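The chain contents come next:
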Amino acid sequence: MTFDHAEDHATTAARAVERLRLAEARLARRRQTDCGPSENARAAMRLILERADAGMSVTPTEIAQSLAVSTASVTGMLDRLHAGGLITFAANPADRRSKFVLPFDRDADADAIDPVTARIREFALDLPDALADQVAAFLDRVREVVDAECA
């Protein structure tokens, strides 16, 4: 019995991605009950920080759309983030019915919001540039498949 070398490596990579997806699902369940802000709250904070770093603003509605959740869910989540001192709100000068969500402390370490991302970034620093680009491209394609499921 012989195996195609490329197929064997493809199977190894596919199984590694599946193990990663299972680990992320377990982490999401633990975060819902055991350790700090939910995955959606962490994703919202990343979006808020990314927009602020790019000199752009973000509204609660845009956060809800980005996370694919209801605006009611986002309102409660933003209230908790505000109470925790992580965000603040500013009036939208173009629409007085709307508000912008801003990070409260721009000196806060974004990696402290999601330490898993910080650890992954540390590992990625060990990758040669070309390999890092290949891994990123592969994972982006995996993400596209996941995002398209049940969309």
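Here's a quick rundown of the structure. Residue numbers run consecutively from 1 along every chain, following the written order of its sequence. For this predicted model, a pLDDT threshold of at least 70 governs which residues receive local features, and a threshold of 80 or more governs which side-chain atom pairs are given and counted, while totals over whole chains, interfaces and linings are taken from all residues. Only heavy atoms go into the side-chain values, all of them from the structure, while hydrogens and water stay out.

**Section: the overall build of the protein**
Here is step 1 of the chain: In this description a helix means any DSSP run of H or I spanning at least four residues, a strand means any run of E spanning at least two, and both kinds are numbered starting from the N terminus. The number of helices and strands found in the protein is seven helices and two strands.
Here is step 2 of the chain: From first element to last, N terminus to C terminus, the protein shows the α and β order α-α-α-α-β-β-α-α-α.
Here is step 3 of the chain: Buried residues are those whose accessible area, probed at 1.4 Å on protein chains only, stays under 20% of the maximum for their type, while exposed residues exceed 50% and partly exposed ones sit between those limits. When each of the 151 residues of the protein is scored for burial, the buried share is 20%.
Here is step 4 of the chain: A separation of at least 24 residues holds for 43% of the contacts in the protein among residues at least 6 apart in sequence.
Here is step 5 of the chain: A total of about 11,000 Å² of accessible surface is found on the protein, and carbon and sulfur atoms cover 55% of it. The contact rule is simple, with two residues in contact once any of their heavy atoms fall within 4.5 Å. Computed with the Shrake-Rupley method and a 1.4 Å probe, the accessible areas treat only the protein chains shown as cover for residues.

**Description of unusual backbone geometry**
Here is step 1 of the chain: For Ala 68, which is not glycine, the phi dihedral falls at a positive 60 degrees.
Here is step 2 of the chain: Judged by its relative accessible area of 68%, Ala 68 falls in the exposed class.

**Quick look at the nonpolar core**
Nonpolar side chains in soluble globular proteins tend to end up buried together.
Here is step 1 of the chain: By size, the foremost hydrophobic cluster in this structure holds 17 residues, and its most contacted members are Ile 48, Ile 63, Met 77, Leu 78, Leu 81, Ile 87 and Val 101.
Here is step 2 of the chain: Take this core: its biggest share by element is seven residues, from helix α2 (residues 39–53).
Here is step 3 of the chain: Once residues within four sequence positions are removed from consideration, Ile 63 is found in contact with Ala 44, Leu 47, Ile 48, Val 58, Val 74, Met 77, Leu 78 and Val 101. The criterion is simple. A nonpolar core is a set of buried Ala, Val, Leu, Ile, Met, Phe, Trp, Tyr and Cys residues joined through side-chain atoms within 4.5 Å.

**Considering the environment of Arg 46**
Here is step 1 of the chain: Turning to its location among the elements, Arg 46 is positioned in helix α2.
Here is step 2 of the chain: Residue Arg 46 is classed as partly exposed on the basis of its relative accessible area, which comes to 27%.
Here is step 3 of the chain: For the pair Arg 46 and Pro 103, spaced 57 residues apart in sequence, the C-alpha separation works out to 9.8 Å.

**Things to note about a nonpolar patch on the surface**
Here is step 1 of the chain: A residue counts toward a patch only above 30% relative accessible area and without a salt bridge, and it is joined to like-charged neighbours within 9 Å or, for Val, Leu, Ile, Met, Phe, Trp and Tyr, to nonpolar neighbours within 5 Å. Here a salt bridge means any side-chain nitrogen of Lys or Arg lying within 4 Å of a carboxyl oxygen belonging to Asp or Glu. Where nonpolar side chains cluster on the molecular surface, the patch consists of Leu 20, Leu 127, Leu 131, Val 135, Phe 138 and Leu 139 and spans about 440 Å² of accessible area.
Here is step 2 of the chain: The element contributing the most residues to the nonpolar patch is helix α7 (residues 129–148), with four residues.

**A word on helix α4 (residues 71–83)**
Here is step 1 of the chain: With 13 residues, α4 should reach 18 Å at 1.5 Å per residue; the first-to-last C-alpha distance of 18 Å fits that figure.
Here is step 2 of the chain: Considering only its buried residues, α4 is in contact with α2, α3 (60–67), β1 (87–91) and β2 (99–103).
Here is step 3 of the chain: Looking one or two residues beyond α4, the residue adopting positive phi is Gly 85, at roughly 80 degrees. Under the convention used throughout, the expected extent of a helix is 1.5 Å for every residue step, that is, one less than its residue count.

By themselves, these are just geometric observations and shouldn't be taken as functional.
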